[in-house]
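A closer look at the structure
Listed below, chain by chain, are the residues.
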Amino acid sequence: SFTDPAVSMDLLRAVLQPSINEEIRGVFNKYMKFFQKAAINVRDNVGEEVDPEQLIQETCRSCLEQAKLLFSDGKKVVPRLPHEQAGPKRARQMDEELNRRGSPIPKKRKGRPPGQSLSNDRGVSGMAAWKLKVSEPVRRDGPKWDPSRLTETTTFVLGSRANKALGMGGTRGRLYIKHPHLFKYAADPQDKHWLAEQQHMRATGGKMAYLLLEEDIRDLAASDDYRDSVDLRLEELKPFVPPAWMTEKMQKYMETLRNGG
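Let me sum up the structure you'll find in this document. (Residues numbered from 1 in each chain as written. Predicted model: local features only at pLDDT ≥ 70, side-chain atom pairs only at ≥ 80, totals over all residues. Heavy atoms only, no water.)

Concerning the overall build of the chain
If you tally the helices and strands in the chain, you get nine helices and three strands. In the chain, the order of α-helices and β-strands from amino to carboxyl end is α-α-α-α-β-α-α-β-α-β-α-α. The buried share among the 261 residues of the chain stands at 28%. Contacts in the chain between residues at least 24 apart in sequence constitute 72% of all its contacts with a sequence separation of at least 6. (Helix = DSSP H or I, 4+ residues; strand = E, 2+ residues; numbered from the N terminus. Buried < 20%, exposed > 50% of the residue type's maximum accessible area, 1.4 Å probe, protein only. Contact = heavy atoms within 4.5 Å.)

And the structure:
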């Protein structure tokens, strides 16, 4: 019944997206051991202020951005980083630089069977929990995942504000990595238009905007992990009540996730 080709194709994409996401996750899991080892080596070389989890997440996102080039129409090109500039001269310069500073990418060790666990390497024990976290399915059951808790008076907060309120303002997305069990809803263009009109966010075009339940964030703030933190800034939350049509969309989305969709 749809005459817009883009709408029709996007409906098909929405149906296939869960399967596509699972296959993409499988591809990243295949290469995750390389990312983990490199991130640990970077931390050992640079210092404890380096967050390996954040490095890995940024690298995975960069991989996806560069993969868009496979479907480029010749007009929109993903900006390439300086170290990805073409040409043998640049490649030689990178080789010399890595040799001089010590490459963070591990060299193969003799006598080690392919695919052997990295759990005995220095520092990897901490990353094992991260790998377990991304590979295990997130539990979406219990009262917090009951769509009936979303009513026309339920208050929400922007994910960016929740990050700041819990002291993670400098590491965008850290909240979702650390607490994957939280319900978060990605605002669509219609939602973002309303949010911008109500001055809850700037009209920033394609920028992602996540909505989280204020109650969930306040529960986190009261937990042992955050309640004594000097970086806690709950005044940053700025909660709001979305319109009924947006709440209804979030109810359906929660129900879909809870049922494994």
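Considerations on the packing of helix α1 (residues 5-46) against helix α2 (residues 52-67)
Close contact between α1 and α2 brings their axes to 9 Å; oriented N to C, the two are set at 135 degrees. Taken together, the axes of α1 and α2 lie oblique to each other. Our pair here, α1 against α2, has a crossing hand that is right-handed. Contacts between α1 and α2 involve Ile24, Phe28, Met32, Phe35, Gln36, Ala39, Val42 and Arg43 from the former and Pro52, Leu55, Ile56, Thr59, Cys60, Cys63 and Leu64 from the latter. Here the contact of α1 with α2 is composed, by residue class, of 12 nonpolar, two polar and one charged. (Axes fitted to C-alpha atoms, helices over the stretch in contact; angles between N-to-C directions. Parallel < 35°, antiparallel > 145°, perpendicular 65-115°, else oblique. Left-handed = near helix turned anticlockwise from the far one by under 90°. Nonpolar A, V, L, I, M, F, W, Y, C, P; charged D, E, K, R; others polar.)

Here's the deal with the nonpolar core
The biggest cluster of nonpolar side chains holds 18 residues, and the ones touching the most others in it are Leu150, Phe156, Phe183, Leu195, Leu211, Phe240 and Met250. Among the secondary structure elements, those contributing two or more residues to this core are β1 (156-158), α7 (189-197), β3 (210-213) and α9 (244-258). Among the elements that make up this core, the one with the highest residue count is α9 (four residues). Setting aside residues up to four positions removed in sequence, Phe156 forms contacts with Leu150, Leu211, Leu212, Leu213, Glu214, Lys238, Pro239, Phe240, Pro242 and Met250. If you look at the next biggest cluster of nonpolar residues, it comprises 14 residues, including Ala162, Ala165, Ile217 and Ala221. (Core = buried A, V, L, I, M, F, W, Y, C linked by side-chain atoms within 4.5 Å.)

Regarding the environment of Tyr31
Assignment of secondary structure puts Tyr31 in helix α1. A relative accessible area of 38% places Tyr31 in the partly exposed class. Residues Tyr31 and Cys60, spaced 29 residues apart in sequence, show a C-alpha to C-alpha distance of 9.9 Å.

A look at the pattern of salt bridges
Applying the stated rule across the entire model yields 14 salt bridges. Taking the shortest distance from any N to any O, the salt bridge between Asp10 and Arg13 comes out at 2.8 Å. Separated by three residues within a single helix, Asp10 and Arg13 lie in helix α1, roughly one turn from each other. Of the residues examined, Arg13 reaches a relative accessible area of 37% and is grouped as partly exposed. (Salt bridge = Lys/Arg side-chain N within 4 Å of Asp/Glu carboxyl O.)

Quick word on the sheet that holds β3
Spatially, the three strands line up as an open sheet ordered β1-β3-β2, and their pairing is antiparallel. Two strands close off the open sheet at either side, each with one partner strand: β1 and β2 (184-186). When the angles between neighbouring strand axes are averaged without regard to direction, this sheet yields 30 degrees. In this structure, β2 lies alongside β3, joined through three bridges in antiparallel fashion. Each residue of the ladder has a partner; that of Ala186, found in β3, is Tyr210. (Pairing = 2+ DSSP bridges.)

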